[in-house]
Amino acid sequence: MDFSLSDDQTMMQDIVKRFISQEYGFETRQSLLTTKQGYSEDMWQTFAEMGWLALPIDDQYGGLGGTIIDTMLLQIELGKGLVLEPFFATAIHSASLLSKVANDDVKQQWLPKIAAGETKFAVAYAEQNSSFQVTQCATSASVTGTGYLLQGKKCVVLGAPSADQLLVTANTDTGLGVFVVDPSLAGISFNNYATNDGHRAAEITFDQVEVLTSARLDSGTNAQSAFDASRDEAIVALAAEALGIMQKLLAATGEHLHTRQQFGRKIGEFQVLQHRVADMFMALESTQSLLYYAALKIASNADDRNRATSMVKVKLAQTSRLVGQTAVQLHGGMGITDELDVGHYFKRLTCINALMGSGDQHMQRLLNHAA
Amino acid sequence: MDFSLSDDQTMMQDIVKRFISQEYGFETRQSLLTTKQGYSEDMWQTFAEMGWLALPIDDQYGGLGGTIIDTMLLQIELGKGLVLEPFFATAIHSASLLSKVANDDVKQQWLPKIAAGETKFAVAYAEQNSSFQVTQCATSASVTGTGYLLQGKKCVVLGAPSADQLLVTANTDTGLGVFVVDPSLAGISFNNYATNDGHRAAEITFDQVEVLTSARLDSGTNAQSAFDASRDEAIVALAAEALGIMQKLLAATGEHLHTRQQFGRKIGEFQVLQHRVADMFMALESTQSLLYYAALKIASNADDRNRATSMVKVKLAQTSRLVGQTAVQLHGGMGITDELDVGHYFKRLTCINALMGSGDQHMQRLLNHAA
Amino acid sequence: MNISFTPEELLFRDQVRDFLNKRAPAAVKHKQTAGLRLDKHDMVAWQQSLFEEGWAGINWPVEHGGSGWNATQKYIFFDEASKANMPRIVPFGLNMVAPVIYKFGNEEQQKRFLPDILSSKVWWCQGYSEPNAGSDLASLSTKAELQGDHYFVNGTKTWTTLAQYADWIFCLVRTDNSGRKQQGISFLLINMNSPGISLQPIITIDGQHEVNEVHFDNVQVPANNLIGEEGKGWTYAKVLLTHERTGIARVAESKQRFCLLQARIKELQDTPDQPHVNSVFMARVMAVEIDLVSLEYTELRVLSSIATGNAPGPESSILKILGTELQQAIDELFLDLSGLHALPFVPDQYSLGYAGDNLEPHYAANTAPHYYNNRKVSIYGGSNEIQKNIIAKQILGF
Amino acid sequence: MNISFTPEELLFRDQVRDFLNKRAPAAVKHKQTAGLRLDKHDMVAWQQSLFEEGWAGINWPVEHGGSGWNATQKYIFFDEASKANMPRIVPFGLNMVAPVIYKFGNEEQQKRFLPDILSSKVWWCQGYSEPNAGSDLASLSTKAELQGDHYFVNGTKTWTTLAQYADWIFCLVRTDNSGRKQQGISFLLINMNSPGISLQPIITIDGQHEVNEVHFDNVQVPANNLIGEEGKGWTYAKVLLTHERTGIARVAESKQRFCLLQARIKELQDTPDQPHVNSVFMARVMAVEIDLVSLEYTELRVLSSIATGNAPGPESSILKILGTELQQAIDELFLDLSGLHALPFVPDQYSLGYAGDNLEPHYAANTAPHYYNNRKVSIYGGSNEIQKNIIAKQILGF
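## Digging into the overall build of chain C
1) Next: Check the secondary structure of chain C and you find twelve helices and eight strands.
2) Next: Here chain C has a C-alpha radius of gyration of 22 Å; the compact-globule value for 398 residues is 21 Å, and the two agree.
3) Next: Projected onto its principal axes, the C-alpha coordinates of chain C cover approximately 75 × 50 × 50 Å.
4) Next: A burial count over chain C gives 58% of its 398 residues as buried.
5) Next: A fraction of 73% describes how many contacts in chain C between residues 6 or more apart in sequence connect residues 24 or more apart.
6) Next: Just so you have it, chain C exposes about 15700 Å², and 50% of that area is on carbon and sulfur atoms.
7) Next: Positive and negative charge centroids in chain C, built from 35 and 44 side chains respectively, lie 4 Å apart.

## Observations concerning the interface of chain C and chain A
1) Next: Taken together, the 50 residues of chain C in the interface contact 46 residues of chain A.
2) Next: Both sides together, the interface formed by chain C and chain A hides about 4100 Å², and carbon and sulfur atoms give 57% of it.
3) Next: Seen at the junction of chain C and chain A, the total is four salt bridges.
4) Next: Across the pair A:Arg276 and C:Glu385 runs a salt bridge, and its minimum N-O distance is 2.7 Å.
5) Next: Scanning the region where chain C abuts chain A turns up 20 residue pairs in polar contact (both at pLDDT 80 or more).
6) Next: Elements supplying a minimum of two residues to the side of chain C that touches chain A: strand S6 (197–203), helix H9 (279–307), helix H10 (315–338), helix H11 (367–373) and helix H12 (384–396) of chain C.

## Some thoughts on the packing of aromatic side chains
1) Next: According to the stated counting rule, one finds 62 aromatic pairs over all chains in the structure shown.
2) Next: Arranged with centres 5.2 Å apart and planes meeting at 55°, the rings of A:Phe47 and A:Trp52 form a pair that is tilted.
3) Next: Given a relative accessible area of 0%, A:Phe47 falls into the buried group.
4) Next: Taking the relative accessible area as the measure of exposure, A:Trp52 reaches 4% and is therefore buried.
5) Next: A network of ring pairs unites the aromatic residues C:Phe12, C:Phe19, C:Trp55, C:Trp69, C:Phe77 and C:Phe78 as a single cluster.
6) Next: Here the basic side chain of C:Arg301 rests over the ring of B:Tyr292, its NZ or CZ set 5.5 Å away from the ring centre.

## Observations concerning unusual backbone geometry
1) Next: Following C:Glu360, the chain continues to C:Pro361 via a peptide bond in cis, the omega torsion being -5°.
2) Next: Along the chain, C:Pro361 turns up in the loop between H10 and H11.
3) Next: Positive phi is not limited to glycine here, since B:Phe263 has a value of about 55°.
4) Next: Among the secondary structure elements, B:Phe263 is positioned in the loop between strand S8 (261–262) and strand S9 (265–266).
5) Next: For B:Phe263, a relative accessible area of 36% gives the class partly exposed.

## A closer look at the interface of chain B and chain C
1) Next: Tallying the contact residues gives 37 residues for chain B and 35 residues for chain C.
2) Next: Carbon and sulfur atoms make up 72% of the surface buried where chain B meets chain C, a total of about 3600 Å² over both sides.
3) Next: Contact with chain C buries area across many residues of chain B, yet B:Met1, B:Phe3 and B:Met282 alone supply 23% of it, more than any other trio.
4) Next: Where chain B touches chain C, the interface holds four salt bridges.
5) Next: Of the charged contacts in the structure, one is a salt bridge between C:Lys388 and B:Asp279, with a shortest N-O distance of 2.6 Å.
6) Next: Applying the counting rule to chain B against chain C returns 14 residue pairs in polar contact (both at pLDDT 80 or more).
7) Next: Among the secondary structure elements, those contributing two or more residues to the side of chain B that touches chain C are helix H4 (68–81), helix H7 (223–259), helix H8 (271–297), helix H9 (302–331) and helix H11 (359–370) of chain B.
8) Next: Counting residues per element, the side of chain B that touches chain C draws most heavily on H8(B), at 16 residues.
9) Next: For the side of chain B that touches chain C, the residue count by class is 20 nonpolar, ten polar and seven charged.

About the criteria used
Residues numbered from 1 in each chain as written. Chains lettered and ligands numbered in written order. Predicted model: local features only at pLDDT ≥ 70, side-chain atom pairs only at ≥ 80, totals over all residues. Heavy atoms only, no water. Helix = DSSP H or I, 4+ residues; strand = E, 2+ residues; numbered from the N terminus. Rg over C-alpha atoms; globule rule 2.2 N^0.38 Å. Buried < 20%, exposed > 50% of the residue type's maximum accessible area, 1.4 Å probe, protein only. Contact = heavy atoms within 4.5 Å. Areas by Shrake-Rupley, 256 points an atom, 1.4 Å probe, with all protein chains shown as cover. Lys, Arg positive; Asp, Glu negative; His and termini not counted. Charge placed at Lys NZ, Arg CZ, Asp CG, Glu CD. Buried area = accessible area lost by both parts, 1.4 Å probe. Salt bridge = Lys/Arg side-chain N within 4 Å of Asp/Glu carboxyl O. Polar contact = N/O pair within 3.5 Å; in protein donor to acceptor, adjacent residues only side chain to side chain. Phe/Tyr/Trp six-rings, centres within 6.5 Å; stacked < 30°, edge-to-face > 60°. Lys NZ or Arg CZ within 6 Å of the ring centre and 35° of its normal. Nonpolar A, V, L, I, M, F, W, Y, C, P; charged D, E, K, R; others polar.

Below is the structure:
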């Protein structure tokens, strides 16, 4: 039993930390927000050069074969930079799903391109009435002579506007399927928009979209369990990002309490605010503990893995709200202005909470599981 | 719409308040705790003389015909005195159940005696696996030639050791029945004990107990709905008692914060403790509001009445814990010593929470009701 | 103690319902139901419909055009208006500066200002907060120096809500620096068209321009725009603040939003296999409903107590804290009900005449911006921490 | 970073399990499972079984008889012992006074005291708190005056846990009144049989005699019972307090009690129509389970960090707060699971050889007294409010 980091991990952490503080400051991010694309393609190439896109990918597919712990450490630091690049959509969620659902040829085709920063993916799984468990999927793929016909609508596809390829879940007569789909195919239409946290996403309509048989990736694997496993990895990555954000918010709040004067003294001298900071700190520690727990359970059986990721998501729903709201409250009105970073951290935290199942949904899953 | 009290109500309130502070001090109560009976028969006669036993009873049955608001006001003040007499068991719960379930003759037989302090009752309804809704009742009453044969075991019958008569719920072949039973009948055995809050109760076993047909009170009425209505009145009375207790705890805590010195100043000067007192106060106000709401809904249909009493019970579960635990915490170690009144208020609050359904059970009822 | 209405009160309720059915602006109702932001025109249209009915001065004395309603009538009006999805009244003119003018202003000022406030012809904004005086309002430093018949005002006010719409601003200004900081504060009315006033929008994290910084650069203000006596501004404002806090509870508005929430939950419960409404979520909804009933009764008890001549005590602070916590709790429920669908930031969708495609589900639109923006309610009007200090002081004397 | 055990660690675990199966006193196990209080004999029997195995000095240096376990072994031991329903070790001798003696005592003192502590032959109690010095421990006033070879001790200690069993007491006493209050405090060991010591039981609201006031009336104490230097007592005690706080988290004990709770819930779920286990209650149980996992990992992270040579920071305060909150949350779950059946106050039932009828359901017995008594855990060892001050100070510097 050992909770310490390896030298390699500490070094990687330091490099990312330095990059974010030197190259991805708040002003840089604010200016990226207003661009059409909403992120920097140059930055993306830098991410590739730094090896971050390759980190979660197996070394036999052009990756660095990092563990979930490595991904977690990377995400904590990227979280602090509030990076806008579609890292989560491509390098985390899509790469993980591809790794688990596709055969070797398909993986050889795509994963090296992801690792090299040449191809971006997005996972189109969510629908109006779908849950994070994708047990309901109204999008259908019906068999034709040459392949499948996709029909349906996907919501909030993160990273979709910049994606070169889509991974689409659809119901087939043999159960859930995962398809790799070129977004320029006939019958596909995008409704692109920004999300509240400044990322980009789309509603995608598939109207009689023809794809080849080979587009279906889950022959020989179980799409449902592959999706389930990749979602659990995605949850760990999101929780790590959230932890990085919360660390930033705690630091910013501590600093504000040393700067802001009211009633003739630094507001940090008020005991009530001191205790609020202590509460934030305890929330952070609790989140970190459950994050480690979930990360270390990722390799376990599906039941234990589900349970651990649901636990961290439930705790995160609570702690991220506490930390985000307290940081805003203690900054006063400034906390909800666009010009201060605090509000942007708060918004990203809020969006992370809504991704991959809310705290209530995960609590419900835990209760159903226990019953 | 009017939330003010009548002159009569204010006067009654003042009288009870004065009596409690002059005649029912903490030392008096502490000495009663150690007596065999656990309360004072003289005090009981005084309660009768003051008209308190008669207050909730209809004037046609020797009562004063007070409203639920009157009962509420009386209970708030009795709560402050932590009275040990079986007022709740007899004058509230039994009187209410009798009023709702019995015919006129039976009411004429017993209610005047309750009002006069001559007869004490206890309601034997709880069982090991029963809920506050008495939908499950394992105690049975089977028909014989002359009446019924009672068989079963009742738990935590409040006021049973001193009761002259019992009201017993039992399952019959025509549904739930309520029986008036002389506790000295053959086949009845008592296991008497003190409860955590210093009151007295018993486990009562009914082994082939023969009662007459006339012992069954619910011919012509619905025992289930009579019990339900009396329980809702009992909940209002308990919540009122709890409010009185919480008012006392707030006052005691405020006083302690002015007296106790730590780190060279009164502990009331610490902002965190000030806010804790503000939280207690807000909890009190919220409880009082829902208490009024429930009291004013007692005359409504069963659905609205159930809903309102469940709401106050859910809120009370939360506020009474907050107020009780905070009062203890702010008193430090002294708060859990037998010699200080604070711990005794805390214990009574805790027991009230467990009576007539826990907060969780009432929340569940509200959710089932809404679904 | 009873909660039933008299026949007269029931008659009044029918009258209010009739008015709301026939006269309340339909466009406003649409926006309110869809969760869209109201613009100046919407708010004025709603208030002018009230004015035409003689109902604009709800808390005003009758001699100044007040509606003359008692506490129960006010309760009925706000309850019905909220059930009809009408917005609250913009407080700055009708509920904030007007009471100061009719209580502490002179007759000339009352004649000059009150009619246009009552008819919502003139839009007011509030100049209290300053960049370096947030919760510590009394440390404000905007200076007004009397030279002859005019004050010359210099300084900056901030968080000034909807100042971009405003014709006038009422300000707390410092006219004296010598004594305690609460002394030397005066209450001054300033025309927003005065030379030297400039606005700087503050964009909030919901992407909206709702608040502003207002800069005063040697702004010349006639001395007869001073309310009451110099140096008494703090006293006048304090009377108002207690009132403001109570208003901030916004119980009727919370009831309205909670009803919308319940309607949306109902829709979802009727949808097979929907993932958002589960027992854990519903327990939170029920807890909020209980708090809502509790808060409503607390407000009724306070109003009843004030109506029988008692001065408001710590109750106004309680209403402020619990009311704002409840608003924020309802925001969280909307947000969680929306799940992933709260993410799209397309503020204009669902407005009448919107050209693009509306994203489904409809109830998710703008739930996140609303949640973000409403973090302000526990900060403004004296932060909830300050309110707890006030409560503790009234109970403990510390 | 990994959480799997090495083969050596797994071997160690089997060894511990084997010991617990064969050597842990059965009477203690029964009482623990039934929620009954342990008496002196029980606690000593358990600790002496450890001593015989060479496992009594879990945190002790090997040269003084310590077990020589690393952090993982300690974790395994406490985890297994808790799974086997064994109680925690009474801390006063083995974990509180012993570290002070082996760190700061002289060789003679180490020889005189440590062996009897290790073998649990001598019972110690703690003399820190005083009636007028609760959370403000440093303001203590029990005085020790050196006259020749002896100190003469006068004053009162309070909240002295199980002093009625104790042979010795370790005290913080004031030997100097001149400087800062933290200075002038010394660490003194006092034989409880000394003339002039008297005990006054404090009965707590669970009806138990667990704590005491200890009065010192001119008690004569040999000067060679002073640990280290005069005036350095505060420094010695502080080292200990950090340790005490971590111990107060009692994660293993909470795991044990949570397992019992789950077993009882399982029983009820198998009972048709039982009213206590509903979805609202189960959501609270699950929330506590999540906090328990979280706390366990927090503790592991802290232990791992200390094992790699880092000094404990605010973590010991976090463990104290979260650990005690969790203990109290588990108490509330037991209480609520018991419902009405928590009311009877019959503390002796379910003990072996109890003559009366046991009240059903068995799991409800003593849940309320346990809940009452455990309100102490957020008060003692430095109240949780004090712990938050400590955390804030370490983060903010205020």
